[in-house]
Amino acid sequence: MSSRRLSAQELLGGFIVLLGLLLLLDTTGVYDTTQLLQFVPSLFVIAGLYALVSSRLRNVTGPLVVIVVAGGWQLATLGVVEWSDFEALWPLLIVLLGLSVILGQYRARAYEVSDAFVTAVGLFGGADRRVTTDGFVGGELTAVFGGVDLDLRDATVSDRPARVNATAVFGGVDVRVPTDWNVQVDVLPIFGGAEDERPRRAEEHDSVDLVVTGFAAFGGITVVD
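Residues numbered from 1 in each chain as written. Predicted model: local features only at pLDDT ≥ 70, side-chain atom pairs only at ≥ 80, totals over all residues. Heavy atoms only, no water.

Colleague: Looking at this structure, I do not really get the nonpolar core. What am I missing?
Modeller: Soluble globular proteins: nonpolar side chains tend toward being buried together. Of all hydrophobic cores here, the largest spans 28 residues; its most connected members are F136, L141, L152, V173 and L210. It is strand β6 (residues 162-169) that contributes the most residues to this core, four residues altogether. The contacts of L152, once residues within four sequence positions are left out, are V131, F136, V175, R176, V177, P178, W181 and L210. One finds L43, Y50, V121 and V169 within the second-largest nonpolar core, a separate group that totals nine residues. (Core = buried A, V, L, I, M, F, W, Y, C linked by side-chain atoms within 4.5 Å. Buried < 20%, exposed > 50% of the residue type's maximum accessible area, 1.4 Å probe, protein only. Helix = DSSP H or I, 4+ residues; strand = E, 2+ residues; numbered from the N terminus. Contact = heavy atoms within 4.5 Å.)

This is how it looks when you write it as structure tokens:
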């Protein structure tokens, strides 16, 4: 039996649920979770590593910043190093930011994929996917302090509707579709936004080609052409 890979959205949701449960146990006096909460920075390290792997090392700088900062935070929290030891190293973050800008000039604007199901993660960085398959069925897009751009203008849907689930937390997700596609947006926005920004056109048909679902918190999910 084949195993299903844990999605970025499930990983993010699991982290949030775990942190919430630990805080609830502590605030209600059921259990002292102070020792466990010391390892919260490790969750961010894991998230950074996941972003590196899922992007196939195309999005490096953002996740690397998260790993370095969270790793230092974890070491300081455990008392391995002192907070003062990091005071002289903060300009390194500026160096990494500059490298991110430089590397962004040389990498391709969009990573072309022919998969029927697409997964993209933008964590403190960007992830661009251009789908060229004739049988697109859907995808999972996650943007956390970053951005994801999914271009479906060269894709076709054989079994309507295709479904894309998107999560934007302090980030943005753009889904680009052909001009004649009928798209249904069913996203829960909390201090965020979700909309189909395309002007209405007479050539759009009644059947739904794509359904966009998900969650946007302090971010946005947008359908454009």
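Colleague: Which parts of the structure should I look at to understand the pattern of salt bridges?
Modeller: A side chain with one charge can pair with a side chain of the opposite charge if their charged atoms come near. All told, the structure shown has five salt bridges when counted by the stated rule. The residue D196 makes a salt bridge to R198 at a minimum N-O spacing of 2.9 Å. (Salt bridge = Lys/Arg side-chain N within 4 Å of Asp/Glu carboxyl O.)

Colleague: For this particular structure, what's the right way to read the sheet that holds strand β4 (residues 138-144)?
Modeller: In any sheet, the strands associate via hydrogen bonds between backbone groups, in a parallel or an antiparallel arrangement. One open sheet holds the five strands; their spatial order is β2-β4-β6-β10-β8, and the pairing between them is parallel. Both outer strands of the open sheet, β2 (117-123) and β8 (183-190), are each paired with one neighbouring strand and no more. Across the sheet, the axes of successive neighbouring strands diverge by a mean angle of 10°, strand direction being ignored. Taken together, the seven bridges between β2 and β4 define a ladder with parallel strand orientation. Looking at β4, one finds that F117 is bridged to G138. (Pairing = 2+ DSSP bridges. Axes fitted to C-alpha atoms, helices over the stretch in contact; angles between N-to-C directions.)

Colleague: What should I look at first to understand the pairing of β4 in this one?
Modeller: Side chains on a regular strand alternate between the two faces of the sheet. In terms of residue burial, β4 counts as a mostly covered element, since seven of its seven residues are buried. Neither face of β4 is open: one carries G138, E140, T142 and V144, the other G139, L141 and A143, and all of them are buried. Strand direction decides the pairing type here: β4 and β6, joined by seven bridges, are parallel. Note on β6: the bridge partner recorded for G138 is R163.

These values are about where atoms sit, not about what they do.
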